[in-house]
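# Secondary and tertiary structure notes
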Amino acid sequence: MNRTSRQRDASPAESITRARTGLSQDLRGRQRRYVTAMLVRTACVVVMALTWNRWPVVAFCALAGGVVIPYVAVVAAQAGWRQQRGVRPELARPVEEPAARVVLEPTLILPPEPDRAG
């Protein structure tokens, strides 16, 4: 049997490029992104404190950045995980067979007979 016919018979191999990264790597990356965003937020707060009296417009922009960045950082960290997971394939649901119906024949129920002992 030559090599090409064996390859045609086998099922296609799963591509490793579609494999997800490990949870520890993903967690490390999310923590890095979050710490970076918090450092930018800290810089915004420092810029706000230094420019409050001299340049109020810059101070207000830095204040807005300091308020908005934590929300954006959390959403971005969580969105990265969802994008990586992708859409979950629909699981095959077992087909539920209806319960077997038992057909009962009509019966005649008689009252109990009185005891005739006596």
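Residues numbered from 1 in each chain as written. Predicted model: local features only at pLDDT ≥ 70, side-chain atom pairs only at ≥ 80, totals over all residues. Heavy atoms only, no water.

## Quick notes on the overall build of the protein chain
We apply this condition: In this text, helices come from DSSP runs of H or I with a minimum length of four residues, and strands from runs of E with a minimum of two, each type numbered from the N-terminal end. Here's how the labels work: a residue is buried when its accessible area is under 20% of the maximum for its type, exposed when over 50%, partly exposed in between, all with a 1.4 Å probe on protein chains only. Accessibility throughout is a Shrake-Rupley quantity obtained with a 1.4 Å probe, and a residue counts as covered only by protein chains that appear here.
For the protein chain, the count of helices and strands is three helices and zero strands. For the protein chain, the succession of helices and strands along the chain, N to C, is α-α-α. Taken across its 118 residues, the protein chain has 15% of its residues classed as buried. Carbon and sulfur atoms make up 61% of the accessible area of the protein chain, which totals about 11,500 Å².

## Thoughts on the nonpolar core
Stated precisely, the cut-off is as follows: Side-chain atoms within 4.5 Å link the members of a nonpolar core, which is a set of buried Ala, Val, Leu, Ile, Met, Phe, Trp, Tyr and Cys residues. Contact criterion: two residues are considered in contact whenever any of their non-hydrogen atoms come within 4.5 Å of each other.
Within the largest apolar cluster, eight residues are counted, these being A37, M38, C44, M48, A59, A62, I69 and A73. Those residues within four positions of A62 in sequence are excluded, and the remaining contacts are C44, V47 and M48.

## Observations regarding the environment of V74
Relative to the assigned elements, V74 resides in helix α3 (residues 56–85). Assessed through its relative accessible area of 41%, V74 is described here as partly exposed. On a C-alpha basis, the gap between V74 and Y34 in space is 7.1 Å, while along the polypeptide they are 40 residues apart.

## Here's the deal with the side chain of T51
Positionally, T51 belongs in helix α2 (residues 23–51). Overall, T51 belongs to the buried group, its relative accessible area being 9%. The residues touching T51, leaving out its near neighbours within four places in the chain, are P56, V58 and A59.

## Observations regarding the confidence of the model for the protein chain
To be explicit about the condition: In predicted models, pLDDT denotes the confidence assigned by the predictor to each residue on a 0 to 100 scale.
Looking at the protein chain as a whole, the pLDDT averages 76, with 69% of positions reaching at least 70. Here helix α1 (residues 3–9) stands out as the least confident element of the protein chain, with mean pLDDT 56; α2 is the most confident, with 86.

## Description of α2
What counts is decided by this rule: To estimate the expected span of a helix, count its residues, drop one, and scale the result by 1.5 Å.
In a regular helix each residue adds 1.5 Å, so 29 residues correspond to 42 Å; α2 covers 42 Å between its end C-alpha atoms and thus fits that length. Buried within α2 we find D26, G29, R30, A37, M38, C44, M48 and T51.

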